[in-house]
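This is what each chain is made of:
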Protein chains: 2
Amino acid sequence: MTRQELIDNIRRKRSFLCVGLDTDLRKVPQCVLKEEDPIFAFNRAIIEATAPYCVAYKPNLAFYEAEGVKGLAAFEKTVKYLKEHHPDQMIIADAKRGDIGNTSEMYARTFFDTYGVDALTVAPYMGEDSVTPFISPLPAPPLGECSKTRWVILLALTSNKGSLDFQLTEDKEGERLFEKVIRKSQQWGTPDNMMYVVGATRGELFTDIRRVAPENFLLVPGVGAQGGSLEEVCKYGMTKDCGLIVNSSRAIIYASNGEDFAQRAAEEAKKVQQQMEQLLAKA
Amino acid sequence: MTRQELIDNIRRKRSFLCVGLDTDLRKVPQCVLKEEDPIFAFNRAIIEATAPYCVAYKPNLAFYEAEGVKGLAAFEKTVKYLKEHHPDQMIIADAKRGDIGNTSEMYARTFFDTYGVDALTVAPYMGEDSVTPFISPLPAPPLGECSKTRWVILLALTSNKGSLDFQLTEDKEGERLFEKVIRKSQQWGTPDNMMYVVGATRGELFTDIRRVAPENFLLVPGVGAQGGSLEEVCKYGMTKDCGLIVNSSRAIIYASNGEDFAQRAAEEAKKVQQQMEQLLAKA
């Protein structure tokens, strides 16, 4: 999915919501556990219920890997289902990978070529050669196939308490680590293939981030269960192209633990979408 | 595996070599590709050939994930094989994970409980609550089973060029990021459950690292294909308990591309072990 397609989808659906598919078999409703592939069955029901209200889905790999081979098969099926039935949804694999060059290339192959997702979250600690293999199309697409955009979503300022440990450290010139990550990585990718993870729990810092990355889309976790404010995020972080994808996982997918889980998820997603519609109109 | 068991193994085998199982189907010899499970067949042959000369194996998850469900099954079989036939080998899953608390817990479950490895590499960018779930035994072991040591191997100073981008950044007090990662994380774990990744390509910096982490074991990649010097690493990094696990992947497992691959891997591993024996005797 290109940047322009993403922007068009946001305008058309009046939403910049991403639904996080953190599917945990210890949390899904009883009725789902009877299904042959309960992870996929849960995801499909959630997708069918929430697709009108969002522009992206973000499965977190940790939850699929925890179920071993079966979990990964369910992840694969979910991606395939989205591509077939909801090609207008961006698929973000939240895997937070990053390793030396040849290893990052292997991960890139896995997620973009084998599974076929649109975007991958990447940790920046190991620097440029750990990040760029996710951007460049490697290997070149076969003759006749057009190259598809591979998005890297680099961790910048995360929403958890531990983000205070290193991400806010100032260097001698007063630049904080998360700013340095964004500034340097502006040389590695462009607003057409690079986004940043910025937690909603730090509303006031979006101004500083927009100074370094005026155009990049930001993937914003931390609204909902983690307590960030959507209004604050928009006030300080929204651009003329929206420039935001706001994620909500638990607050939507676990809105109910009963047989009405999909309907309740739809209601929660719709609530967020309506708020987003207003905020988009205001901007 | 406890710290004392690791030290005993190093003394007994006069080796602190870790063999990296970066098994890539595009690089293994032709003769292996005929096997039903070529990844596992290659690993088993390499393990049988090199086990006398090393104390640890480090499969890098990127290579297994790239083959999808089959690759992960091969990883699982490799871990099981090592536990059954070579229980004195430490098994290090090189996966460089790290996410918000509840997600890191899922990863910890996967690697320590489902697969049963001894150690996992973790990226520090997201701070304390992204790292500690890998250390604490969660959930508590069932009655009658004793708690097994879970090792975290935290990325500190990596061996790649990109390590210069952020890891060496000095803060206002002149502390570099990798030093801060080590210093802070000394509060999260102990030398009994925490190691650090320190690339061999930065020999002279081992002195600085030993100032902050005098006792922790260091996992050292970058000897071999990446050009680091074993002598330098030992000169500046070795402790009275050795304190080093030096990894070599490509230089050993791809020593030959012919039918003699296992024998040539054994020869390469033995060469490194003999060097290590001398360096241990000298210290």
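You'll find the structure just up there.
What counts, and where the lines are drawn
Residues numbered from 1 in each chain as written. Chains lettered and ligands numbered in written order. Predicted model: local features only at pLDDT ≥ 70, side-chain atom pairs only at ≥ 80, totals over all residues. Contact = placed C-beta atoms within 7 Å. Helix = DSSP H or I, 4+ residues; strand = E, 2+ residues; numbered from the N terminus. Pairing = 2+ DSSP bridges. Axes fitted to C-alpha atoms, helices over the stretch in contact; angles between N-to-C directions. Least-squares fit on C-alpha atoms with pLDDT ≥ 70 in both. Expected span 1.5 Å × (residues − 1). Buried ≥ 20, exposed ≤ 12 C-beta atoms within 10 Å, placed from the backbone. Arc of directions from axis to C-beta.

**Q** Outline the interface of chain A and chain B, listing residues and values.
**A** Facing 45 residues of chain A, the contacting portion of chain B comprises 45 residues. Of all the elements in the fold, those that place two or more residues in the side of chain A that touches chain B are α4 (61-65), α5 (68-85), α6 (101-115), α7 (128-131), α8 (163-166) and α9 (177-185) of chain A. The leading source of residues in the side of chain A that touches chain B is α6 of chain A, at seven residues.

**Q** Explain the sheet that holds strand β5 (residues 151-157) of chain B to me, using residue names and the numbers behind them.
**A** All names here are of chain B. Reading around the barrel, the eight strands line up as β1-β2-β3-β4-β5-β6-β7-β8 and close back on themselves, with parallel pairing between neighbours. On average, adjacent strands in this sheet sit at an angle of 30° to one another, irrespective of strand direction. The pairing of strand β6 (residues 194-198) with strand β7 (residues 218-220) spans two bridges and is classified as parallel. Following the sheet pairing, Tyr 196 is matched in β7 by Leu 218. Contacting β1 (17-21), β2 (56-59) and β3 (90-97), helix α5 (residues 68-85) runs over the sheet at an angle of about 175° to β2.

**Q** Help me get a handle on the relation of the copies chain A and chain B, residues and values and all.
**A** Mapping chain A onto chain B leaves a residual RMSD of 0.0 Å; the transformation is a rotation of 180° accompanied by 0.0 Å of translation along its axis. Such a combination of turn and shift is consistent with a two-fold rotation axis. By C-alpha distance to the rotation axis, the residue of chain A lying nearest is Asp 171 of chain A, at 2.0 Å. Looking at the interface residues of chain A, 100% of them are also at the interface in chain B, so both copies use one shared face.

**Q** Got a sec to walk through helix α13 (residues 261-282) of chain B? Specific residues and values, please.
**A** Residues and elements named next belong to chain B. End to end, α13 covers 32 Å across 22 residues, agreeing with the expected 32 Å (1.5 Å per residue, within 8%). Turning to α13, its buried residues are Phe 261, Ala 262, Ala 265, Ala 266, Glu 268, Ala 269, Val 272, Gln 273, Met 276 and Leu 279. With its buried residues spanning 165° around the axis, α13 presents them on a single face. Away from its buried face by more than 90 degrees, α13 exposes Ala 281 and Lys 282.

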